[in-house]
Amino acid sequence: NDRKVYIHALSCCGKAVTGWIARDAIQECREACGGHGYLKAAGFGTLRNNNDANCTYEGDNNVILQQTSNYLLNLLKKIQSGPTLDFEDHNSEVADIKLPMAYLVEYTDSHSITKIKHHQALFGENIPSCLKDIQFLQDMNEILKTKYVPSSPSSNVGLSDILNMYHWLVCFLLKKSQLKYQEEFSKSENAFVARLALKRFSKLIDEQDDPSIKSVLERLGKLYGLWSIDKHLAILYAGGYISGSVPNDVIKQNIITLCSVLKDEAVTLVDVFAPPDFILNSALGKSDGKLYKNLEDAIMNTPGALERPYWWKEVVENQEIPPMKSNL
């Protein structure tokens, strides 16, 4: 049951976030193609129209995100209430103390924490062990104490650094969401699914045997992670996770550098998952790369493209326009 509920919560926020990313990506691509982008033959209009309904069907994105909100808030409540512990070791500082797990982990020494972990092994944790993707929430209090401090403005941001940013961001927004502000609700889900996507992608990278593929995928993962985390910089500053101008400069400079490095790999990366030509149905996006020839063929083969429009007489004929009269 725990796994089923988790999958439901993940699919709710995943559907919303990926739908919005697809919507924004189509618009970015349309604008990047300039005047050619809004031609019917380019296919962007069709793509945008087809994807637009994705933000509503099977649950409006803003509505189904509330299901993920409820799941995360209930999970946080469970963590904070936690199982109570009762130790009989009178030499321990937590002997005969019954407190939530989160408090004991935060305020006890290493010897006592060892006992707590032993208790977890015997009686279970607040988060089921089958849900490894959200086990980090057990360490929420410790995560919220961390900060990101790059060594210099030219520091390289690794995938592990980005994942740590998202760990902190999810924990911070989740605690803020307890105040039941709808704005924090939506932000926490976006950060939650982005963190999970990066973690899974990082695992995929580690499984690659080819160093060249591994290198490209790592740069791609870092670019997505930094592009996404850049939207949350204000929250990272407000929560104290970062301070000063250096982290902001490092993140933005890494984004620019990664874009430059990945430029030569862009076509290959797109071809990896690009749909067949007959599905994409775009003169600009055909796999043969003959952009202008395909565009010309699309125009010349469109019925009525070389004919006068049906309303041409309305433009060229001189028609007497009656004088306008004031209604005052």
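Every residue gets a number counted from 1 within its own chain, in the order that chain's sequence is written. Restriction of local features to residues with pLDDT of at least 70 applies here, the model being predicted, together with a cutoff of 80 or more for giving and counting side-chain atom pairs; totals for whole chains, interfaces and linings are based on all residues. The side-chain quantities take in all heavy atoms of the structure and omit both hydrogens and water.

### What about the layout of surface pockets?
Thought 1: A pocket here means an open set of points on a 1 Å grid, computed over the protein atoms alone, that has protein on both sides within 12 Å along at least five of seven lines. A cavity is instead a set of points where a 1.4 Å probe fits but cannot get out; residues with an atom within 4 Å of a point line either one. Grid points are joined across faces, edges and corners, and a volume is the space filled by probe spheres set on the points. Its boundaries defined by the atoms lining it, the second largest pocket holds a volume of some 410 Å³.
Thought 2: Lys 40, Ala 41, Asn 281, Ala 283 and Ala 298 are, among the 20 residues lining the second largest pocket, the residues nearest its centre.
Thought 3: We count a stretch as a helix when DSSP gives it H or I for four or more residues in a row; a strand needs E for two or more, and each element gets its number in order from the N terminus. Secondary structure elements with two or more residues in the lining of the second largest pocket: α2 (44-52), α13 (277-280) and α14 (291-300).
Thought 4: Considering every element that reaches the lining of the second largest pocket, the biggest residue donor is α14, with 5 residues.
Thought 5: Each residue is assigned to one class: nonpolar for Ala, Val, Leu, Ile, Met, Phe, Trp, Tyr, Cys and Pro, charged for Asp, Glu, Lys and Arg, and polar for all the others, Gly among them. Residues that form the lining of the second largest pocket fall into these classes: 9 nonpolar, 7 polar and 4 charged.

### Some details on the state of the cysteines
Thought 1: Any two cysteine sulfur atoms within 2.5 Å of one another count as a disulfide. Under the criterion given, the structure shown has 0 disulfides.
Thought 2: For Cys 29, which is in no disulfide, the shortest distance to another cysteine sulfur is to Cys 33 and amounts to 6.8 Å.
Thought 3: Working definition: with a 1.4 Å probe on protein chains only, accessible area under 20% of the residue-type maximum means buried, over 50% means exposed, and in between means partly exposed. Residue classification places Cys 29 among the partly exposed residues on the basis of a relative accessible area of 40%.

### Some thoughts on the packing of aromatic side chains
Thought 1: Each Phe, Tyr or Trp ring (for Trp, its six-membered ring) is paired with any other whose centre lies within 6.5 Å, and the angle between the two planes then decides the class: stacked below 30 degrees, edge-to-face above 60, tilted in between. Tallied over the full model, the rule gives 4 aromatic pairs.
Thought 2: Between Trp 168 and Phe 172, the ring centres sit 4.8 Å apart and the planes meet at 10°, which makes this aromatic pair stacked. Of the two residues, Trp 168 and Phe 172 both sit in helix α7 (residues 159-177), 4 residues apart, roughly one turn of that helix. The same class applies to Trp 168 and to Phe 172, which are both buried.
Thought 3: Among the aromatic residues, those joined into a cluster by ring pairs are Trp 168, Phe 172 and Tyr 241.

### Digging into the confidence of the model for the protein
Thought 1: Note: pLDDT gives the predictor's confidence per residue, expressed from 0 to 100. Across the protein, pLDDT averages 78, with 78% of residues at or above 70.
Thought 2: Two residues qualify as a contact provided that any one of their heavy atoms is within 4.5 Å of a heavy atom in the partner residue. Across residues 84-113 the pLDDT falls below 50, and counting only partners more than four positions away or on other chains, this stretch makes 53 contacts in the model.
Thought 3: The low-confidence segment residues 115-125, where pLDDT is below 50, has 17 contacts with residues more than four positions distant or belonging to other chains.

### Some details on unusual backbone geometry
Thought 1: Despite not being glycine, Asn 281 has its phi angle at roughly 50°, a positive value.
Thought 2: Within the element layout of this structure, Asn 281 appears in the loop between α13 and α14.

### A word on the packing of helix α9 (residues 211-229) against helix α11 (residues 246-262)
Thought 1: It is at 9 Å that the axes of α9 and α11 come closest, and there the two elements cross at 140°. It follows that α9 is oblique to α11 by the angle criterion. The chirality of how α9 crosses α11 is left-handed. Along its contact with α9, which presents Val 216, Arg 219, Leu 220, Lys 222, Leu 223, Leu 226, Trp 227 and Ile 229, the element α11 presents Ile 251, Asn 254, Ile 255, Leu 258, Cys 259, Val 261 and Leu 262. For helices, the fitted axis covers only the stretch in contact; all axes are lines through C-alpha atoms, and the angles between them, taken along N-to-C directions, range from 0 to 180 degrees. In what follows, roughly perpendicular refers to angles from 65 to 115 degrees, roughly parallel to angles under 35, roughly antiparallel to angles over 145, and oblique to any angle outside these ranges. Note on convention: the crossing is left-handed when the near helix lies turned anticlockwise from the far helix by less than a right angle, right-handed when the turn is clockwise.

### Here we look at a nonpolar patch on the surface
Thought 1: Like-charged residues within 9 Å of one another, or nonpolar side chains (Val, Leu, Ile, Met, Phe, Trp, Tyr) within 5 Å, are grouped into patches, provided each residue has over 30% relative accessible area and no salt bridge. Note on areas: Shrake-Rupley with a 1.4 Å probe; residue coverage comes only from the protein chains shown. Salt bridge criterion: a side-chain nitrogen from Lys or Arg within 4 Å of a carboxyl oxygen from Asp or Glu. A surface patch of nonpolar side chains, about 510 Å² in accessible area, is lined by Tyr 310, Trp 311, Val 315 and Val 316.
Thought 2: Within the fold, Trp 311 resides in the loop between α14 and α15 (312-316).

### Observations concerning the pattern of salt bridges
Thought 1: Evaluated as defined, the whole model comprises 4 salt bridges.
Thought 2: Among the ionic pairs, Lys 252 bridges to Asp 230, the shortest N-O distance being 2.8 Å. With Lys 252 in helix α11 and Asp 230 in the loop between α9 and α10 (233-238), this pair connects stretches of sequence that are 22 residues apart.
Thought 3: Judged by its relative accessible area of 27%, Asp 230 falls in the partly exposed class.
Thought 4: The salt bridge partner of Asp 297 is Lys 293, with a shortest N-O separation of 3.1 Å. With Asp 297 and Lys 293 both in helix α14, this residue pair falls 4 residues apart, about one helical turn.
Thought 5: The class for Asp 297 is partly exposed, based on a relative accessible area of 29%.

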